[in-house]
Amino acid sequence: LNAADLRSGAEFLNIPVGARAVGMGNAYTALANDVTSLHWNPAGLGLMQDREFGATYSQWLLDTQYNFVGFGLPSKHGTFAASVAVLSQGPEQARGLDRQKTGSIKAQDQALSLGFGRNMGGFQAGANAKFIQSSIAGYSANTMALDLGVLYPATRMISLGFAVQNLGPGMKFIDQRDPLPMTFAAGFALRSMIPGMSLAFDVRQQPNNKKTNFSM
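Owing to the predicted nature of the structure, the values given are computational and were not obtained by experimental measurement.

Chemist: Honestly, the layout of surface pockets in this entry has me stumped. Any pointers?
Modeler: To find leftover empty space, one rolls a probe the size of a water molecule over the atoms. The space that makes up the largest pocket amounts to roughly 230 Å³. If you trace the largest pocket, you find 15 residues lining it, with Asn-14, Trp-40, Arg-204, Gln-206 and Asn-213 closest to the centre. Listed by contribution, the elements that provide at least two residues to the lining of the largest pocket are helix 2 (37–40), strand 9 (158–167), strand 13 (198–206) and strand 14 (211–215). The element contributing the most residues to the lining of the largest pocket is strand 14, with 3 residues. Residue classes in the lining of the largest pocket are distributed as 3 nonpolar, 9 polar and 3 charged.

Chemist: Please explain the side chain of Ser-113 as it appears in this structure.
Modeler: Residue position: Ser-113 is located in strand 6 (residues 107–119). Among the residues examined, Ser-113 registers a relative accessible area of 6% and is labelled buried. If sequence neighbours within four positions are ignored, Ser-113 has contacts with Ala-81, Ala-82, Ser-83, Asn-128, Ala-129 and Lys-130.

Chemist: What should I look at first to understand the nonpolar core in this one?
Modeler: Across soluble globular proteins, you tend to see nonpolar side chains buried next to one another. In this structure, Ala-10, Phe-12, Leu-13, Tyr-66, Ile-132, Met-171 and Leu-180 are the most contacted members of the largest nonpolar core, which totals 15 residues. Breaking this core down by element, the ones donating at least two residues are strand 2 (65–75), strand 3 (78–88) and strand 8 (139–153). In this structure Ile-132 touches Ala-10, Phe-12, Leu-13, Gln-110, Ala-111, Ala-141, Asn-142, Thr-143, Ala-145, Met-171 and Leu-180, once residues within four positions along its chain are discounted. By size, the runner-up hydrophobic cluster in this structure holds 9 residues, among which are Ala-27, Tyr-28, Ala-30 and Trp-40.

Chemist: Can you walk me through the environment of Ala-10 in this structure?
Modeler: Checked against the element boundaries, Ala-10 lands in the segment before helix 1 (19–23). In this structure Ala-10 comes out as buried when scored by relative accessible area, which is 11%. As for Ala-10 and Thr-143, which are separated by 133 residues in sequence, their C-alpha atoms are 10 Å apart. Each residue touching Ala-10, except ones within four places of it in the same chain, is listed here: Ile-132, Met-171, Leu-180 and Pro-181.

Chemist: I'm lost on the sheet that holds strand 9 in this one. Help?
Modeler: Within a sheet, each strand pairs with its neighbour through backbone hydrogen bonds, oriented either parallel or antiparallel. If you walk across this open sheet you meet the 10 strands as 1-2-3-6-7-8-9-12-13-14, and the pairing is antiparallel. The outermost strands of the open sheet, each flanked by one partner alone, are strand 1 (52–59) and strand 14. Strand-to-strand twist in this sheet, taken as the mean axis angle between neighbours without regard to direction, amounts to 10 degrees. Pairing of strand 13 with strand 14, which is carried by 5 bridges, proceeds in the antiparallel orientation.

Chemist: Would you mind showing me how to read empty space enclosed by the protein here?
Modeler: For the structure shown, the criterion picks out 1 cavity of 30 Å³ or more. In this structure, the largest cavity spans a volume of roughly 120 Å³. What lines the largest cavity is Phe-12, Leu-13, Leu-38, His-39, Tyr-66, Phe-68, Ser-83, Val-84, Ala-85, Ala-111, Ser-113 and Lys-130. Secondary-structure elements contributing two or more residues to the lining of the largest cavity are helix 2, strand 2, strand 3 and strand 6. By residue number, the principal contributor to the lining of the largest cavity is strand 3, which donates 3 residues. In terms of residue class, the lining of the largest cavity is built from 8 nonpolar, 3 polar and 1 charged.

Chemist: Would you explain the side chain of Ser-88 in this entry?
Modeler: Here Ser-88 lies in strand 3. Judged by its relative accessible area of 18%, Ser-88 is buried. For Ser-88, the residues in contact, after removing those within four places along its chain, are Asp-63, Thr-64, Gln-65, Ala-107 and Gln-108.

Chemist: I'm lost on the pairing of strand 3 in this one. Help?
Modeler: Looking along a regular strand, one sees the side chains alternate between the two faces of the sheet. Burial analysis of strand 3 places 8 of its 11 residues in the buried class, which makes it a mostly covered element. For strand 2 and strand 3, the ladder comprises 11 bridges, and the chain directions are antiparallel. Bridge pairing in strand 3 places Gln-65 opposite Ser-88. Hairpin connection between strand 2 and strand 3: a loop of 2 residues separates the two successive antiparallel strands.

How each quantity is defined
- Residues numbered from 1 in each chain as written.
- Predicted model: local features only at pLDDT ≥ 70, side-chain atom pairs only at ≥ 80, totals over all residues.
- Heavy atoms only, no water.
- 1 Å grid on protein atoms, 1.4 Å probe; cavity = no way out; pocket = protein on both sides within 12 Å on 5 of 7 lines; lining within 4 Å.
- Points joined across faces, edges and corners; volume = space filled by probe spheres on them.
- Helix = DSSP H or I, 4+ residues; strand = E, 2+ residues; numbered from the N terminus.
- Nonpolar A, V, L, I, M, F, W, Y, C, P; charged D, E, K, R; others polar.
- Buried < 20%, exposed > 50% of the residue type's maximum accessible area, 1.4 Å probe, protein only.
- Contact = heavy atoms within 4.5 Å.
- Core = buried A, V, L, I, M, F, W, Y, C linked by side-chain atoms within 4.5 Å.
- Pairing = 2+ DSSP bridges.
- Axes fitted to C-alpha atoms, helices over the stretch in contact; angles between N-to-C directions.

Okay, here's the thing in structure tokens:
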């Protein structure tokens, strides 16, 4: 494979978190203001006023489950937060080169995140450190990654958000190293005169996957 054929590993990091964010079509970079900011834009932690606990549970095909649990604690210095995200699969049948059954195998991916965000006066800033681990059939790989984010309230009704996610050296299984799904996200949010109503737009560019997503 040449450089143009590279695709990222640890794709579970792209699974969306939080009912509100998913309900907004994943356009959450400029709206993040709760404990799920750890996933979308760590600067949103700086907007939290109270302690928060959040959880997401997803049941997928073939006994695959995705779970996210997070907790945020505001203080006079800013908001500290932590989360655990786990993608687990049930046992799968294993076969040898002769296609005979050799037992079963399991696969699991997980990420432990520690984040901090605070109000910097005219804007919010945040950072999030991740420990990422993947395992399959007795083999495992782990790495560290970093998220950075900024939220800027341009007016009382308009906010802008920017985030860089999954900055890290990639995952190495045996002698194969795959890059992380590094993401550059930019968001725009408009809060309407009707309480609780918002319009949001996101652009998410993933250079390692060579794709750009638009959300609204």
